Amino acid sequence: MRLAILGASGHGKVVADTARAAGWSDVTFFDDAWVGKRFVTHHPIVGDAAALFRSVAEFDGVIVAIGNNRVRLDKTRALFDAGAKLVSVVHPASVVSELSAIQEGSVVMAGAVVQADARLGIACIVNTNASVDHDCELADGVHICPGVAISGDVVGGECAWFGVGASVRQGLRIGADAVIGAGAAVVKDVEAGTTVVGVPARPAS
Ligand SMILES: CC(=O)SCCNC(=O)CCNC(=O)[C@H](O)C(C)(C)COP(=O)(O)OP(=O)(O)OC[C@H]1O[C@@H](n2cnc3c(N)ncnc32)[C@H](O)[C@@H]1OP(=O)(O)O
């Protein structure tokens, strides 16, 4: 089973490791820095993004491992349009409810938990030891960083970024492109495009 990963960053390294644990036997990277960088750990980088777009048919699965939410989502959509078979990668040591739904191009890292009736769009990241509780709706391109706790019924807008260790009270609406700072405790809705930090979280000055 051949998996192509676009993005040879530290995040890409963890996606590759997660994919291997999930049963992908052959992992190949593409990255625009490939001329000067030929390996991520022992996985080869064989070309740039354009090379992947030319060769999508050669892979059983394709996923984008770029940390920037907008870039990851844009590349994922473009690869879909180019006919790539986008796949989700779920670590076997995560706990994902069979009542949840995770769309293509998303990744769930080791130790993460996704509870019943949670719904995740395309190109989402549920990072190491994060939890997404029941009935959450996360739009395309959301990143839940390591150790984040999202309570039940939370809505995360497109490309919202939940920083490491943040907590979010149940039932809140987090707007598109919002940024939740590391360690924040979110107890009110967050407007689209707003950065909030602190306990309780308030807009960053
Ligand atoms: C596997 C992985 O690595 S996944 C990646 C995980 N990474 C993260 O989760 C990072 C989350 N990012 C953050 O929390 C960032 O600090 C942000 C986005 C909130 C702000 O970043 P920047 O805009 O670069 O802010 P900057 O670092 O310049 O700080 C500006 C001010 O805000 C304060 N501040 C920054 N982040 C926070 C925070 N999380 N909580 C409280 N205060 C903060 C700083 O102390 C600083 O205050 P000062 O002006 O009084 O000195």
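Residues numbered from 1 in each chain as written. Predicted model: local features only at pLDDT ≥ 70, side-chain atom pairs only at ≥ 80, totals over all residues. Heavy atoms only, no water.

- In the nomenclature of an unreviewed UniProt entry, the protein is known as Acetyltransferase of Guyparkeria halophila.
- Quoted verbatim from the Sequence similarities (unreviewed entry) heading of the UniProt record, the comment on the protein is "Belongs to the transferase hexapeptide repeat family." (UniProt positions renumbered as here; feature names shortened; annotations may be inferred.)

## A few points about the nonpolar core
Logical step 1: Of all hydrophobic cores here, the largest spans 30 residues; its most connected members are I144, F162, I174 and I180.
Logical step 2: Setting aside chain neighbours within four positions, we find F162 in contact with V142, H143, I144, C145, V148, I150, G156, V168, I174 and I180.
Logical step 3: L3, A8, W24 and A65 belong to the second largest nonpolar core, which has 18 residues in total. (Core = buried A, V, L, I, M, F, W, Y, C linked by side-chain atoms within 4.5 Å. Buried < 20%, exposed > 50% of the residue type's maximum accessible area, 1.4 Å probe, protein only. Contact = heavy atoms within 4.5 Å.)

## Quick look at the environment of S55
Logical step 1: Within the fold, S55 resides in helix 2 (residues 49-55).
Logical step 2: Accessibility expressed as a relative area gives 11% for S55, which makes it buried.
Logical step 3: In this structure the C-alpha to C-alpha distance between S55 and A82, which are 27 residues apart in sequence, comes to 9.8 Å.
Logical step 4: There is a polar contact of 2.9 Å between the side chain of S55 and the backbone oxygen of A51. (Helix = DSSP H or I, 4+ residues; strand = E, 2+ residues; numbered from the N terminus. Polar contact = N/O pair within 3.5 Å; in protein donor to acceptor, adjacent residues only side chain to side chain.)

## Regarding the side chain of N127
Logical step 1: Note on placement: N127 falls in the loop between strand 12 (125-126) and strand 13 (131-132).
Logical step 2: Looking at N127, its side chain comes within polar contact range of the side chain of T128, at 3.3 Å.
Logical step 3: In this structure, N127 is in contact with M109, A112, H143, I144, C145 and P146, ignoring residues within four places of it in sequence.

## Concerning the pattern of salt bridges
Logical step 1: Scanning the entire structure with this criterion turns up six salt bridges.
Logical step 2: With a closest N to O distance of 3.6 Å, D26 and R2 form a salt bridge. Taken together, the positions of D26 in strand 2 (residues 26-30) and R2 in strand 1 (residues 2-6) put the pair 24 residues apart, joining distant regions of the chain.
Logical step 3: For D26, a relative accessible area of 31% gives the class partly exposed.
Logical step 4: On the basis of relative accessible area, R2 is assigned to the partly exposed category, the value being 30%.
Logical step 5: The network of salt bridges with shared partners includes R70, R77, D140, E158 and D177. (Salt bridge = Lys/Arg side-chain N within 4 Å of Asp/Glu carboxyl O.)

## Concerning helix 3 (residues 69-81)
Logical step 1: Given a rise of 1.5 Å per residue, 13 residues ought to cover 18 Å, and the 18 Å separating the end C-alpha atoms of helix 3 matches this to within 8%.
Logical step 2: Of all the residues in helix 3, the buried ones are N69, R72, L73, T76 and L79. Down the axis of helix 3, the buried set is contained in an arc of 130°. They therefore lie on one face.
Logical step 3: Where the residues of helix 3 are buried, they touch strand 1, helix 2, strand 5 (61-64), strand 12, strand 15 (143-144) and strand 18 (161-162).
Logical step 4: Between the side-chain oxygen at the start of helix 3 and the backbone nitrogen of R70 there is a gap of 3.1 Å, and the oxygen is on N68. (Expected span 1.5 Å × (residues − 1). Arc of directions from axis to C-beta.)

## What about the layout of surface pockets?
Logical step 1: A volume near 150 Å³ is recorded for the largest pocket.
Logical step 2: Along the walls of the largest pocket sit V186, V187, K188, D189, V190, E191, T194, V196, P200, A201, R202 and P203, which together make up its complete lining.
Logical step 3: Here the residues of the lining of the largest pocket sort into seven nonpolar, one polar and four charged. (1 Å grid on protein atoms, 1.4 Å probe; cavity = no way out; pocket = protein on both sides within 12 Å on 5 of 7 lines; lining within 4 Å. Points joined across faces, edges and corners; volume = space filled by probe spheres on them. Nonpolar A, V, L, I, M, F, W, Y, C, P; charged D, E, K, R; others polar.)

## Here we look at the sheet that holds strand 11 (residues 119-120)
Logical step 1: Reading across from one edge, 8-11-14-17-20 is the order of the five strands in this open sheet, with parallel pairing throughout. Looking at the sheet topology across the chains shown, the edges are occupied by strand 8 (101-102) and strand 20 (173-174).
Logical step 2: Note: strand 17 (residues 155-156) against strand 20, two bridges, orientation parallel. Note on strand 20: the bridge partner recorded for G156 is I174. (Pairing = 2+ DSSP bridges.)

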